[in-house]
Amino acid sequence: MTVIEVAAGLIQRDGRYLIARRKAGVHLAGYWEFPGGKREGGESLEDCLRRELREELNVVVGIPLPYRIVRHEYPEKIVELHFFRCVIESGEAEALDCAELRWVLPEEFNQFTFPPADAVILESLQRDAIMESR
Ligand SMILES: Nc1nc2c([nH]c(=O)n2[C@H]2C[C@H](O)[C@@H](COP(=O)(O)OP(=O)(O)OP(=O)(O)O)O2)c(=O)[nH]1
Ligand SMILES: [Mg+2]
């Protein structure tokens, strides 16, 4: 099975992260996720992320900082998720290509259903937040 490369943004502001709910009718519909999408030919993952965040949220972000890479095998596809930390440089996030948006604290992640691939990232961000508060 071919591996689908995806770039996703860990967009942080005042200790909260921006999460988006996937629209109906797509893979993992209704799940909450970190905004982003599939890399197109000839594009770097950083360019992909910046494009996706413009398309999905109408925001421009600064230089994305690599955080972690997660490979996950779903029954229907294999995804390689490249998570980047980033900050909004201009624009206020709008739900252009997602069902709903929320700014949430890491301690609130458990109130939302994320795709199984995201579990390690959620735990890692929660751990980071605890370390930063010490
Ligand atoms: N953006 C994002 N995708 C995720 C996460 N976790 C996870 O398993 N995925 C999966 C869902 C999808 O199969 C794939 C991302 O593709 P996508 O549907 O967002 O792609 P896209 O924005 O380019 O949308 P499209 O043009 O193909 O409709 O990765 C996550 O946290 N963020
Ligand atoms: Mg997407």
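Residues numbered from 1 in each chain as written. Chains lettered and ligands numbered in written order. Predicted model: local features only at pLDDT ≥ 70, side-chain atom pairs only at ≥ 80, totals over all residues. Heavy atoms only, no water.

A word on the coordination of the magnesium ion (ligand 2)
Move 1: Every protein donor of the magnesium ion (ligand 2) is listed here as G36 (O) and E56 (OE), and their distances to the metal cover 2.2 Å. Pair noted here: G36 is in strand β4 (residues 36-38) and E56 is in helix α1 (residues 45-57), with a separation of 20 residues, a long-range link.
Move 2: By relative accessible area, G36 is classed as buried at 9%.
Move 3: Accessibility expressed as a relative area gives 9% for E56, which makes it buried. (Donors = N, O, S within 2.8 Å, 3.2 Å for Na, K, Ca; no water. Helix = DSSP H or I, 4+ residues; strand = E, 2+ residues; numbered from the N terminus. Buried < 20%, exposed > 50% of the residue type's maximum accessible area, 1.4 Å probe, protein only.)

Re the UniProt feature "domain: Nudix hydrolase" (unreviewed entry) in the chain
Move 1: With numbering matched to this structure, UniProt assigns "domain: Nudix hydrolase" (unreviewed entry) to residues 1-126.
Move 2: Secondary structure within residues 1-126 divides into 17% helix and 40% strand; the distance between the first and last C-alpha atoms comes to 32 Å. (UniProt positions renumbered as here; feature names shortened; annotations may be inferred.)

What to know about the pattern of salt bridges
Move 1: Evaluated as defined, the whole model comprises 13 salt bridges.
Move 2: E33 serves as the salt-bridge partner of R22, at 2.7 Å between the closest nitrogen and oxygen. Linking R22 in the loop between β2 (16-21) and β3 (32-33) with E33 in strand β3, this pair joins segments that are eleven residues apart in sequence.
Move 3: For R22, a relative accessible area of 22% corresponds to the partly exposed category.
Move 4: A salt bridge links R85 to D128; the nearest nitrogen and oxygen atoms lie 3.1 Å apart. Remark: D128 occurs in helix α2 (residues 119-132) and R85 occurs in strand β7 (residues 78-86); sequence separation between them is 43 residues.
Move 5: Three or more residues joined by partner-sharing salt bridges are found here, namely E40, E43, R51, E52 and E55. (Salt bridge = Lys/Arg side-chain N within 4 Å of Asp/Glu carboxyl O.)

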